[in-house]
Each structure stands twice: as C-alpha cells, then as structure tokens.
Amino acid sequence: MRTIPHWINGKPVETGVEQLPVLDPATDTPIAQVWMADSVLVEAVVDAAEAAAESWAETSMSKRAHVLFRFRDLLLANRSELAALITSEHGKTLDDATGEISRAVESVELACGGPALAHGSTSLQSGPNIDTRSMMHPLGVCVGITPFNFPAMMGLMMVSVALAAGNTFVWKPSEQDPGTAVRIAELLQEAGLPDGVLNVVHGQQDTVTQLLDDPRTQAASFVGSSDVAHSIYKRAAQSGMRCQAFGGAKNHMVVMPDADLDTVADQLASSAFGAAGQRCMAISVAVVVGDVYDDLLARLVPRAHAVKMNAGVVPETEVGPVVSRRAQQRIQELVRVGIADGATSPVDRSTEEVPGYENGYFVGPTILAGLPTTSEAYQQEIFGPVLVLLNVDTLDEAIGLIRSHRYGNGASIFTNNGAAANQFTNQATAGMVGINVAIPVPVATYAVQGWKNSAYGDTGLNNASWSFYTRPKYITSRWETSAGMDFGFRPN
Ligand code: NAD
C-alpha cells in the first residue's frame, strides 16, 4: 500500500509515532497510510525551515516569483492527476476537485505578483529635510494548519503569499486527506523551490501544539472548525506569535419575494448540496421573506430528489460521499435532532445508500423545513448536504437571524431590489457577502475573511495576507551636516 511521507528539506521522510490509514470515503477501504510525526521529527521540520529562511529571504523577489510562475504551470499541467488524488482521499467529484485546483491556481497567480504587491512606501520631505520610508520584511518560519475539505486550495492560499513574501513554511495538512500537500511540495521542488522552503509534516494536536510552542515559528495560519481555531489562536498568543485562525460557518441566504424562484432554487441546491455540503461557504440556511415560501419549497424538492449521488470517480456524479464515517454519523444525528425538535423533512435522503458502494460514507440531500432556531441543528454547523428552510415576514427579521448567529463567515441575498441588497450588504454580520451569488467567495485579489466565531485574528487570506506574512520597518532619514545641538522635540 502507498505510504504518504512527510516532506522535509526537499525529501520524503517516512518515520513517526504511528501510521494512520487514509480511507476511500466511497468504499471505506484503506488506500494509503500516513506517518504521524513524533516530537523529534517536528523539531527537524522546524530546523529545516529555519535553516532555509535567511537565503530565501535574500533571494530577489523576482526570482521567488519565477518559481511561483513555473509552479503555476505545473499545477495546470498536473491538474487531472491532482484532482484524482483529491477525489480518492476526500471523496468529492472529479469535476469539483478540478475546480478546486483552478481556485488554488488563482492564489498562486496572485502571489506571482508579489514584486508589485509586497512593497513598502516612501514619503519625501515628511519632515524638514527628512524622508520616511517603510519596508516589508519576511517573518521567517511560518506554519499553516489546514482542513480536509480543500486539501489543495486552503494550503495554497497560505503558502503562495507566504513564500512570495520571503518566508519559509511548515504545512500541516489534514490527516484525513494528506496526499495532496506532499504532491504540491514535489511540484514546487520541480519548479525550482530550494530545499527547506516548504515542508510538510503530518500529525494531530500534539504536532500542532509543538509547532506553535516552538520559539522559532513566527506566524500561524489555521483553517478548520471554530473550537480548534479558537484554541490555536489562544495558544499562538501565549507563545507570542501572530495568528490568523478561520473557523466554521452557518451561511444564511435571504430570499426576497421579488427574486426569480427558479434561479434561487438552482443556486440554492447547488450551494447547499454540492461537495456534500462540505464547503465552508455553502449555504446551509435559506430564509424566505414573505409568502413565496411554499413556491420555493415546491421548486427545491424535485431538485433535491434529482441530485445524482455516487462515488466521486463515477462520471456524472453530482454529490460524492462525506469525508468519514464519523462525519456521516454526526450529520445523520443532527438531522434526527432537527426532526425531533419540530422540523419537517420534505426531502430526507440522509440515510440513502448507493448501490455498489454500500459501505461508503454517503449522506444524500436533505431539507429541514421550519426548524426552530433553538435547535442544535440550527445552532451548530452541520457541514453536510442538509438545508434548513425558514420563513419570516420581513427583511429585518431575516437579517436579525444572521446577526444573532454565532457564525459570520458568509451570507447572501437573492433579490432584484437594490435597496434591499444595500440594506443587507450593510447590516449582515459576515465577512463575505453575496448579492445573487450563492457561494460568495471573493477572488484571490481580495480576501477570504470571516466575522464572529468564524475567524480569529484580523487579516484575511489571499491578497489581505501580505501584511500578515511580513513585518514593517519604518526608516526616517536625513542627510545633512549638524546645525548644532537641540534639546527640544520639534514639530515636523
Ligand atoms: P478540524 O478543525 O477538525 O481540523 C482542521 C485541522 O486542524 C486539521 O489539520 C486537523 O488535523 C487539525 N486539528 C484538529 N483538531 C486539532 C486540535 N485539537 N488541535 C490542533 N489541531 C487540530 O476541521 P476539519 O474537519 O478538517 O475541516 C472542516 C472545518 O473547517 C469546518 O468547520 C469548516 O467550516 C472549516 N473551514 C473553514 C473555512 C473558512 O474559510 N472559514 C474554510 C474551509 C473549512
């Protein structure tokens, strides 16, 4: 069976405390095994990143960008192979995995522009014969901890900018689908990245804690569930490093009575059920304003029934399995909780099996209508293909639901009314807002950002992260001979 190694100092390394199986979510069979690091190995990976830091920081920005340009081409050339790898470990469809690589390429393309994007500024005559300028220095060793749901894209949102800005990096991917990170490290090496600049280490809580506590690591980027995000943010603060930690979501879509209901139903079904609901920006709650609730439900039900669920490798599959047996059981339990708390389920495919893949971790599209907002199924992130459908009288009430939820990752409105869209944009408490867009992830030239319990720290990913991955230095200079001593503190 294939063994997935760590990647340290430009080489695969196979050692650690134990090996965990990597399971095919469509069949529940082991397809690889992955080494979990021990403390000696974690020390070694930081050694490697630390040793490479100085010379990478001194490599010109344009040479760093050349590596990223070559890497971008390699990603595109190897897109099918990478997509197949993602599908085998994660379960998502090949089409969806290919789309993930395309989004990851956007982050690399952004970082290729590092020489234009990561420069400081100069003010001439900022004081009498004084010039002031700022410079952006790399930090040194940065750490990234990523979730299972985008095994390529989330890591590359971090790695691309961090490397372009002159840092070295230790990437700890999810142990559930760890193969993609190592393949990406190989491709970066092929693109000319020097040894030690990007390292991949596999592990769990102990590994992450050791990385955060190591005084040589300067910054931690995390994406995953909110409780873990919060604990990492606290641990990083304790160890004195900077941290950006992105957490879970409960993304609401508000449907105004004037919206085109067929468009809404198409977009809502794609967003809520696509990738088996395992996108952090998937809509999981639709709030219908006014009296179009029954009309929308009537359009959603046949769409939810029609979704083709099967193994991700089977052509024309629209929804694959969820990532693990644990995830499958947790989602099914939350559906049961929602129904016990008073929701109706006009579509419940949550326990549906797929012929030929009876052992797979499948959860089919499910709608929980009229779920009380006190239910755990509303309060918690379900992270599966389960859509909660609610009805309120006014836009104010709909926005009120978003404002009172603990999560604030994404929120969306479907309407043709500019005033409603404006009010929503201003008042929705979420970091990413969509107007007639059901998965409003901004392009890489903006940022991925969350509010409330969806993000800890103040800088987003992608273009917002140049300041996170650099530290400024301000230089005040004057070139003239002394005009004598002066003990005052003169105004500029
Ligand atoms: P997770 O929190 O279980 O794991 C994320 C990473 O943290 C993994 O690498 C894992 O090994 C590590 N980890 C797990 N427990 C840890 C602990 N106690 N201490 C230190 N490290 C730990 O998340 P997941 O199930 O892999 O991913 C799904 C979650 O990620 C969902 O909540 C989803 O909303 C969120 N997500 C958020 C965004 C965003 O932009 N906000 C993007 C993608 C995913």
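Counting restarts for each chain: residues are numbered from 1 in the order of the written sequence. Local features in this predicted model are restricted to residues whose pLDDT is 70 or higher, and side-chain atom pairs enter the listing and the counts only when it is 80 or higher, whereas totals over whole chains, interfaces and linings include all residues. Water and hydrogen atoms were dropped before computing side-chain values, which therefore reflect all heavy atoms in the structure.

Draft legend 1. Examining the sheet that holds strand β20 (residues 432–435) more closely. In space, the 7 strands of this open sheet follow the order β15-β16-β17-β14-β13-β19-β20, with mixed pairing throughout. Strands with a single pairing partner mark the edges of an open sheet, and in this sheet they are β15 (344–348) and β20. Pairwise comparison of adjacent strand axes, ignoring direction, gives a mean angle of 20° for this sheet. In terms of strand pairing, strand β19 (residues 410–414) meets β20 through 4 bridges, oriented parallel. Bridge pairing in β20 places Ser412 opposite Gly434. In what follows, a contact means two residues having at least one pair of non-hydrogen atoms within 4.5 Å. Working convention: axes come from line fits to C-alpha atoms, limited for helices to the stretch in contact. Angles between N-to-C directions cover 0 to 180 degrees. Per the convention used, a helix needs a DSSP run of H or I reaching at least four residues, while a strand needs a run of E reaching at least two, with both numbered from the N terminus. Against the sheet, helix α11 (residues 293–306) makes contact with β13 (251–255), β14 (283–289), β15, β16 (366–369) and β17 (386–392), and its axis sits at roughly 170° relative to β17, the strand it touches most. Taken strand by strand, helix α14 (residues 395–404) contacts β13, β14, β17 and β19, and its axis lies near 175° from that of β13. When DSSP finds two or more bridges between two strands, those strands count as paired.

Draft legend 2. Region of interest: the site of the ligand. The full set close to the ligand counts 26 residues, and Thr146, Lys172, Glu175, Ser225 and Glu381 are the nearest of them. Pairs of N or O atoms are called polar contacts if they sit within 3.5 Å, as long as, within protein, a hydrogen donor faces a hydrogen acceptor (for residues adjacent in sequence, only side-chain-to-side-chain pairs). Within the side chain of Glu175, one N or O atom sits 2.7 Å away from an oxygen atom of the ligand. When the free accessible area of the ligand is taken as 850 Å², the share hidden by the protein chains comes to 87%. When contributions to the shell around the ligand are tallied by element, the ones reaching two or more residues are α8 (205–213), β11 (217–223) and α9 (226–238). For this classification, Asp, Glu, Lys and Arg are treated as charged, while Ala, Val, Leu, Ile, Met, Phe, Trp, Tyr, Cys and Pro are nonpolar and the rest, including Gly, are polar. Of the residues belonging to the shell around the ligand, the class tally is 14 nonpolar, 9 polar and 3 charged. We call a residue near a molecule or strand as soon as one heavy atom of that residue lies within 4 Å of the molecule or strand. To be clear on the numbers: accessible area is Shrake-Rupley with a 1.4 Å probe, and residue cover counts the displayed protein chains and nothing else.

Draft legend 3. A look at helix α2 (residues 61–77). By this rule, a helix spans an expected 1.5 Å times one less than how many residues it contains. Counted at 1.5 Å a residue, the expected span for α2 with its 17 residues is 24 Å, and the 24 Å between its end C-alpha atoms agrees. Exposed residues in this analysis have more than 50% of their type's maximum accessible area, buried residues have under 20%, and partly exposed residues fall in between, with area computed by a 1.4 Å probe over protein chains only. All buried positions along α2 are accounted for by Arg64, Ala65, Val67, Leu68, Phe71, Leu74 and Leu75.

Draft legend 4. Structural view of the domain arrangement of the protein. Taken domain by domain, the protein holds domain 1 (2–247 + 454–474) and domain 2 (251–435). As annotated, the domain borders come from an automatic or database domain assignment. Centre-to-centre separation of domain 1 and domain 2, based on C-alpha positions: 31 Å. A buried area of about 1800 Å², summed over both sides, lies between domain 1 and domain 2, and 57% of it is on carbon and sulfur atoms. Summed over both partners, buried area is the accessible surface (1.4 Å probe) that two parts give up on being assembled. Per-residue buried area on domain 1 facing domain 2 is highest for Pro25, Ala26 and Ser454; these three make up 27% of the total on that side. Whenever Lys or Arg places a side-chain nitrogen within 4 Å of a carboxyl oxygen from Asp or Glu, that contact is recorded as a salt bridge. Our enumeration of links across domain 1 and domain 2 arrives at 3 salt bridges. Here Arg279 and Asp96 are joined by a salt bridge, their closest N and O atoms 2.9 Å apart. Along the contact surface separating domain 1 from domain 2 lie 8 residue pairs in polar contact (both at pLDDT 80 or more). Secondary-structure elements contributing two or more residues to the side of domain 1 that touches domain 2 are β4 (18–24), α3 (79–90), α4 (94–112) and α9. Classifying every residue of the side of domain 1 that touches domain 2 by side-chain character gives 6 nonpolar, 9 polar and 5 charged.

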